[in-house]
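Remarks on the overall topology
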Amino acid sequence: MATIGMHFGHDAGAALTDADGYRIIEAERRLRLRHVCGGNGDFPQAAAAWLAELRERAVTPVTRVAVADWYTPVCQVLPPALVELVNDDARWTARGGTGLADAVTRVIKPVDWPLADGFGDVTLVAVRHHYAHAALAYYTSGARKALVLALDGTGNYAECGMVCLGDGDRLTPVMSFTNRGGPRFGLVYEALARRVHGSQFDTGKLLGLAATGERDGALLPVLRAMLVPQATRRASPDLYEEVAEDRLTGSALRYADTWWEYDPVSGGYLDAGLADSSDDDVVHSFGSVFPDEIRSPDGRTTPVGNSPDDRVCRDLAATLQHAVERDLTRLVTGISRRFPSYSTLCYAGGCALNITANSALVESGEFTRVSVPTCCDDSGIALGAALAVAEPADRPGLAGRSPWARLAYAGGPLEGLEERTTGGRTRPGGGLTERLSARGLSARRLSDDDELVRAVADLLAGRHCVAWLDGGLETGPRALGHRSLLVSAHWDGARRHVSQTIKGREWFRPVAPICPEEVADRYFTGPLDHTESMLFAVRVRPEEAHRLAEARHIDGTARLQTVRPDTHPLLHRLCHAVGDRTGLPVLINTSANAGGRPLLNHLDQALDLLTETELDALVLPGRHLIVP
């Protein structure tokens, strides 16, 4: 029987799992509003339609609906029983301890819940936020035995992470982390992102900015004490490395007019003052506000700016990134040694979007494989909730070398291509032909795959940019060759053209190279066996640095995606065809969307991009069409 999951917090959505596969509906891509939550005014009606769509898509009746427990109070379609559970049940909100396994899923009543209409006799289950992250990571990985880690800014109750053990069809929670004691990797990263870029959701920008700065040795211990206070480090020396006290004594943080001196008892700054505060206060204090000034033990004070062009901000980003990588690697190594014999790590949560930290985990040598789902952030919570409560038979089989691909493109086909009819008549404005005609455009139809690849390769070799729109929409924030803007990496100015001229992105934002898997080691080094889904960083070979100047980031790294004939047959051939023309079989890829907008999934949005920017063409490989 099929299971549907729902998530009402930011990056809200709905998802289905059954034996036939997954289907994910990300609210932001339907409502065209980034990071939309269930409190958005259009959400209630849209959510009812999404649930009906998923019920129709299911190959078997839907018997379970799972709802993640992190929600926004302004949402008008929350199950009342979920609100009651989270607000009133102390056992459910307890952190860690022997009762954790009893507080990750709970059957609740669907009484007085409008969205339950139409389901009939259905079991409604609440799922803890980080357990949903963990379930997504494990059940979509193809692994049958794995250590599972979820880390992010926060869920409910100041919880910021969870460790589970995956064995066969069982996923058992064994540890929970809280922002009260750390690790606060997600919260502190969000705070600096908000300070520099204006939003807690700009952590990806902060990661890009980190490559432009230099580590500050005096500020590093201070940032590490913000991430994990000394008291926590002392209590769990197998998980955390203690910072030398002489590198912290005398340091302080200024917030507005108040200096918070380093407190040797807690081993932190705000920690002592927040000891008796509510969870909301803890989360807000660490996640919403970054210090205005930092005093290091040598007496030097560093005012913190609020612009990516500020050198201090860039150096802070670089220093924080190093601190996160160092403490995260130590933490995960320690967890692995507490729970030995798990050679695979499944990792999810917003922190898992930090690709350089992910590579550090691979290169630590602790695991033979590190698996990160493409929608590892909250965009995957709805599916994670569904997978957490589904019967094993309702989780699709994941045989083969690339189990990630079944999840990566579970977002549905490009809309607006089909003619729509009412009573046997075509509706005005429906379908590809009428949409093109209304804009004075026409499409060039190619005879077969060979002719299509040759035509697109000629465009790319001629320094043009195309939108490659193929198959199901990607899940999560990365464009992976289905909703991608492509240019060839061989020409000077390619990165600026696609990233800044077409998309209007900041100068420091990286682009991503696409390269055939079998030749990737000619150009890149690093964890090349982890690069199919663009969630790990590699390094450009020094001897190729000049030729790949447009595809690599400022620090010499690259967010590489390797492609194979069995997973991306046309894109794989296209890379080689461009290589035949330019001598470099590497393309530059960025997401097909205008700046600040969600990844597109409608022909109208693609045509807007074509007519309103410097984009040269749309390519629809499945139809052998190029527009114009």
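See above for the structure.
Below, the structure is looked at part by part. (Residues numbered from 1 in each chain as written. Predicted model: local features only at pLDDT ≥ 70, side-chain atom pairs only at ≥ 80, totals over all residues. Heavy atoms only, no water.)

So, about the overall build of the protein chain. Secondary structure summary: the protein chain contains 20 helices and 28 strands in total. Computed over the C-alpha atoms, the radius of gyration of the protein chain is 24 Å, within 12% of the 25 Å expected from 2.2 N^0.38 for a compact globule of 628 residues. Projected onto its principal axes, the C-alpha positions of the protein chain cover 75 × 65 × 45 Å. A total of 628 residues make up the protein chain; the buried ones form 61% of that total. Nonlocal contacts in the protein chain, meaning residues at least 24 apart in sequence, comprise 70% of its contacts between residues at least 6 apart. Here the protein chain has roughly 23,000 Å² of accessible surface; of this, 47% comes from carbon and sulfur atoms. Taking the average place of the 66 positive charges on the side chains of the protein chain and the average place of its 80 negative ones, the gap between the two points comes to 3 Å. (Helix = DSSP H or I, 4+ residues; strand = E, 2+ residues; numbered from the N terminus. Rg over C-alpha atoms; globule rule 2.2 N^0.38 Å. Buried < 20%, exposed > 50% of the residue type's maximum accessible area, 1.4 Å probe, protein only. Contact = heavy atoms within 4.5 Å. Areas by Shrake-Rupley, 256 points an atom, 1.4 Å probe, with all protein chains shown as cover. Lys, Arg positive; Asp, Glu negative; His and termini not counted. Charge placed at Lys NZ, Arg CZ, Asp CG, Glu CD.)

So, about the layout of surface pockets. Sizing a probe to match a water molecule and rolling it over the atoms shows the empty space that remains. By volume, the second largest pocket is sized at about 400 Å³. Surrounding the second largest pocket, 23 residues form its lining, Arg369, Trp404, Asp529, His530 and Glu532 being those nearest its centre. When contributions to the lining of the second largest pocket are tallied by element, the ones reaching two or more residues are β15 (369-371) and α14 (404-408). (1 Å grid on protein atoms, 1.4 Å probe; cavity = no way out; pocket = protein on both sides within 12 Å on 5 of 7 lines; lining within 4 Å. Points joined across faces, edges and corners; volume = space filled by probe spheres on them.)

Our next topic: the packing of helix α5 (residues 129-139) against helix α13 (residues 381-389). The interhelical angle for the contact between α5 and α13, taken along N-to-C directions, is 80 degrees, at an axis separation of 7 Å. Here α5 lies roughly perpendicular to α13, going by the angle between them. Between α5, through His129, Tyr131, Ala132, His133, Ala135, Leu136 and Tyr139, and α13, the contact on the second element is made entirely by Ile381, Leu383, Gly384, Ala385, Leu387 and Ala388. A class-by-class count of the residues in the contact of α5 with α13 yields 10 nonpolar, three polar and no charged. (Axes fitted to C-alpha atoms, helices over the stretch in contact; angles between N-to-C directions. Parallel < 35°, antiparallel > 145°, perpendicular 65-115°, else oblique. Nonpolar A, V, L, I, M, F, W, Y, C, P; charged D, E, K, R; others polar.)

A separate point is the side chain of glutamine 561. Following the sequence through the fold, glutamine 561 ends up in strand β25 (residues 561-563). Aside from chain neighbours lying at most four places away, what touches glutamine 561 is Tyr409, Ala479, Leu480, Gly481, Pro513, Ile514, Cys515, Thr531, Glu532, Met534, His568 and Asn589.

The next thing to look at is the pairing of strand β1 (residues 2-7). Among the six residues in β1, six count as buried, and that is most of the element. Covered by surrounding structure in β1 are Ala2, Ile4 and Met6 together with Thr3, Gly5 and His7, the residues of both alternating faces. As paired elements, β1 and strand β4 (residues 62-68) share five bridges and run parallel to each other. Residue pairing across strands places alanine 2 opposite valine 62, the latter belonging to β4. Here β1 runs beside strand β2 (residues 13-18); their pairing, made up of five bridges, is antiparallel. Across the sheet, the residue bridging to histidine 7 is glycine 13, located in β2. Linking two consecutive strands that pair antiparallel, namely β1 and β2, is a turn of five residues; a positive phi of about 60 degrees is found at aspartate 11 within it. (Pairing = 2+ DSSP bridges.)

If you check which residues of helix α20 (residues 603-612) are buried, you get Leu603, Ala606, Leu607, Leu609 and Leu610. Down the axis of α20, the smallest arc covering the buried residues is 155 degrees, so these residues share one side. (Arc of directions from axis to C-beta.)

This next bit is on the environment of valine 540. Looking at the element boundaries, valine 540 is found in strand β23 (residues 538-540). A C-alpha to C-alpha distance of 8.8 Å links valine 540 and glycine 526, two positions 14 residues apart in sequence. Beyond its immediate sequence surroundings of up to four residues, valine 540 is in contact with Tyr523, Phe524, Ala545, Leu548, Arg552, Gly556 and Ala558.

What follows concerns the sheet that holds β23. Pairing is antiparallel across the open sheet formed by three strands, whose spatial order is β22-β23-β24. The sheet is open, and its two borders are formed by β22 (524-525) and β24 (557-558), each paired with just one other strand. Where β22 lies against β23, two bridges are found, and the strand directions are antiparallel. Counterpart to threonine 525 in the pairing with β23 is arginine 539.

When helix α10 (residues 279-287) is considered as a whole, its buried residues turn out to be Asp279, Val282, Val283, Ser285, Phe286 and Gly287. Where α10 is buried, its residues touch α6 (185-197).

Judged by pairing direction, the sheet is mixed, and its six strands sit side by side in the order β3-β2-β1-β4-β6-β5 without closing on themselves. Every interior strand has two partners, whereas the edge strands, β3 (21-26) and β5 (105-108), have only one. Within this sheet the neighbouring strands show an average axis-to-axis angle of 20 degrees, counted without direction.

Further remarks concern the packing of aromatic side chains. Evaluation of the coordinates by the stated rule reveals seven aromatic pairs. Aromatic rings pair up to connect Phe8, Phe43 and Trp50 into one cluster. Across the ring face of tyrosine 342, the terminal group of lysine 145 is positioned such that the distance to the ring centre comes to 4.1 Å. Positioned over the ring face of phenylalanine 286 is arginine 184, at 3.8 Å from the centre of the ring. (Phe/Tyr/Trp six-rings, centres within 6.5 Å; stacked < 30°, edge-to-face > 60°. Lys NZ or Arg CZ within 6 Å of the ring centre and 35° of its normal.)

We now examine unusual backbone geometry. What you tend to see is this: most non-glycine residues have negative phi, and most peptide bonds are trans. For the peptide bond that leads from glycine 182 to proline 183, omega is 10 degrees, which places it in the cis range. Along the chain, proline 183 falls in the loop between β9 (170-178) and α6. The omega torsion of the bond from valine 627 to proline 628 falls at -5 degrees, within 30 degrees of zero and hence cis. Following the sequence through the fold, proline 628 ends up in the segment after β28 (625-627). The phi angle at arginine 32 is positive, at roughly 60 degrees, despite the residue not being glycine. In this structure, arginine 32 sits in the loop between α1 (27-31) and α2 (43-57).

Counting 110 residues, the largest nonpolar core has Phe177, Phe290 and Tyr347 as its most contacted members. Here this core takes 10 residues from helix α11 (residues 311-338), the largest share from any one element. By size, the runner-up hydrophobic cluster in this structure holds 41 residues, among which are Leu417, Leu436, Leu485 and Tyr523. (Core = buried A, V, L, I, M, F, W, Y, C linked by side-chain atoms within 4.5 Å.)

What follows is about the pattern of salt bridges. Going through the model one piece at a time under the given rule, you end up with 39 salt bridges. Taking the shortest distance from any N to any O, the salt bridge between arginine 184 and aspartate 271 comes out at 2.3 Å. Of the two residues, arginine 184 is situated in the loop between β9 and α6 and aspartate 271 in the loop between β11 (258-261) and α10; the sequence distance between them amounts to 87 residues. Here the two residues arginine 184 and aspartate 271 agree in accessibility, since each one is buried. Overlapping salt bridges, with partners in common, bring together Arg224, Arg233, Glu241, Arg326 and Asp327 in one network. (Salt bridge = Lys/Arg side-chain N within 4 Å of Asp/Glu carboxyl O.)

In this section: the pairing of strand β26 (residues 587-591). The buried fraction of β26 amounts to five of the five residues, a majority that puts the element mostly inside the structure. As paired elements, strand β21 (residues 512-516) and β26 share three bridges and run antiparallel to each other. Paired with alanine 512 across the strands is asparagine 589, a residue of β26.

Now for the side chain of threonine 3. When you line up the elements, threonine 3 lands in strand β1. Excluding its chain neighbours within four sequence positions, the residues that come into contact with threonine 3 are Ala15, Leu16, Thr17, Arg64, Ala386, Val389, Ala390 and Asp394.

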